[in-house]
Amino acid sequence: MAEVMSGVKTELSNTRGTMVSVQMDLHNIYTRLDRSDQRLERIENRLELRELAEAQSRFEPHP
């Protein structure tokens, strides 16, 4: 009986370790996605500013 309990405890400990690893991996993925999302937002903002400047330059007199 003691051997069975020891085996169950070992399995439980291994499962707990696996769950912690998966949780850390998910956290890293979400962090990476958030950084990518922020970068895309900055790119979109620059693109919008550039498009606005190009549209505005059409109406300004050129020498």
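Here the structure is shown first, and the text comes after it.
If you're wondering where the values come from, they're calculated on a predicted model, not measured in any experiment.

The next subject is the overall build of the protein. Along its length, the protein carries 1 helix and 0 strands. Taking 2.2 N^0.38 as the reference for a compact globule, 63 residues should give roughly 11 Å; the C-alpha atoms of the protein span a radius of gyration of 27 Å, well beyond that estimate. Per-residue burial for the protein yields a buried fraction of 0% across its 63 residues. A total of about 6400 Å² of accessible surface is found on the protein, and carbon and sulfur atoms cover 58% of it.

What follows concerns the pattern of salt bridges. Tallying each qualifying case throughout the model produces 1 salt bridge. Linking Arg50 and Glu54 is a salt bridge whose minimum nitrogen-to-oxygen distance equals 3.2 Å. Of the two residues, Arg50 and Glu54 are both situated in helix α1 (residues 2-57); the distance of 4 residues between them amounts to about one turn of the helix.

Bringing a nonpolar patch on the surface into the picture now. On the surface, Val22, Leu26, Ile29, Tyr30 and Leu33 cluster together into a nonpolar patch covering about 510 Å² of accessible area. Checked against the element boundaries, Ile29 lands in helix α1.

Thresholds, definitions, all that
Residues numbered from 1 in each chain as written. Predicted model: local features only at pLDDT ≥ 70, side-chain atom pairs only at ≥ 80, totals over all residues. Heavy atoms only, no water. Helix = DSSP H or I, 4+ residues; strand = E, 2+ residues; numbered from the N terminus. Rg over C-alpha atoms; globule rule 2.2 N^0.38 Å. Buried < 20%, exposed > 50% of the residue type's maximum accessible area, 1.4 Å probe, protein only. Areas by Shrake-Rupley, 256 points an atom, 1.4 Å probe, with all protein chains shown as cover. Salt bridge = Lys/Arg side-chain N within 4 Å of Asp/Glu carboxyl O. Patch = residues over 30% accessible without salt bridge, like charges linked within 9 Å, V, L, I, M, F, W, Y side chains within 5 Å.

The quantities given are spatial measurements derived from coordinates; they are silent on function.
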